[in-house]
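Coordinate analysis (summary)
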Amino acid sequence: MDNEFADVIDHDVTTITCVCGNTVSTEGLIQANSQGVPVHIGGNTPVPAGLAAWPEDEDLYTLCPACGRVYHDVVIEETGTAPVAFRVDIAAGPIAEAIRVHWDLST
């Protein structure tokens, strides 16, 4: 099976166009940890239930909440390519709940 690649412009994770067509400006993309769990970006506020803490090592990933594809930010920033690192289940379980919590906090 061939690796899947998203489109990305100039090594910039904010310009990803996911394999499914989703972008930051359509359904949105979410920063996540190495398991694909959306991370809490709230600074000094406590991490809400369901979200992961911001990784101490700053090793971030980008999750597409439309299809569950996850991209490793450091690969994008270093190579200017966006291979799919792995996929997660966005329909049920802890990832689906974390996506819901993320969007609830964003509105």
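Residues numbered from 1 in each chain as written. Predicted model: local features only at pLDDT ≥ 70, side-chain atom pairs only at ≥ 80, totals over all residues. Heavy atoms only, no water.

Here we look at the pairing of strand β2 (residues 12-17)
Remark: a regular strand shows side chains that alternate across the two faces of the sheet. Threshold: Strands were regarded as paired on the criterion that DSSP finds at least two bridges between them. Numbering of helices and strands starts at the N terminus; helices are DSSP runs of H or I of at least 4 residues and strands are runs of E of at least 2.
Across 2 bridges, the pairing between strand β1 (residues 5-9) and β2 is antiparallel. Looking at β2, one finds that Ile 9 is bridged to Asp 12. Turn length for the β1-β2 hairpin, with the two strands adjacent in sequence and antiparallel, is 2 residues, and the turn residue Asp 10 shows positive phi of about 50 degrees.

So, the packing of aromatic side chains
Here is the rule we go by: Two rings from Phe, Tyr or Trp (for Trp, the six-membered ring) form a pair when their centres sit within 6.5 Å of each other. Planes less than 30 degrees apart are called stacked, planes more than 60 degrees apart edge-to-face, and all others tilted.
For the structure shown, the criterion picks out 1 aromatic pair. When the centroid spacing of 6.0 Å and the interplanar angle of 55 degrees are considered together, the rings of Tyr 61 and Phe 86 count as tilted. One end of the pair, Tyr 61, is in strand β4 (residues 61-63); the other, Phe 86, is in strand β6 (residues 82-87), and 25 residues separate them in sequence.

Some details on the pattern of salt bridges
The line we're drawing: When a carboxyl oxygen of Asp or Glu is within 4 Å of a side-chain nitrogen of Lys or Arg, the pair counts as a salt bridge. Exposure categories follow from relative accessible area, calculated using a 1.4 Å probe and restricted to protein chains: below 20% of the type maximum is buried, above 50% is exposed, and the middle band is partly exposed.
Here the structure, examined in full by the defined rule, presents 3 salt bridges. A salt bridge links Glu 4 to Arg 69; its shortest N-O distance comes to 3.0 Å. Placement of the pair is Glu 4 in the segment before β1 and Arg 69 in strand β5 (residues 69-72), with a sequence separation of 65 residues. Glu 4 sits in the partly exposed class, given a relative accessible area of 29%. In this structure, Asp 104 engages Arg 100 in a salt bridge whose closest nitrogen and oxygen atoms are separated by 2.4 Å. Of this pair, Asp 104 and Arg 100 both sit in helix α2 (residues 93-106), 4 residues apart, which is roughly one turn of the helix. Among the residues examined, Asp 104 registers a relative accessible area of 44% and is labelled partly exposed.

Describing the environment of Ile 9
For Ile 9, the location among the structural elements is in strand β1. Take Ile 9: its relative accessible area is 51%, and that puts it in the exposed class. Along the chain, Ile 9 and Thr 81 lie 72 residues apart, while their C-alpha atoms are 8.5 Å from each other.

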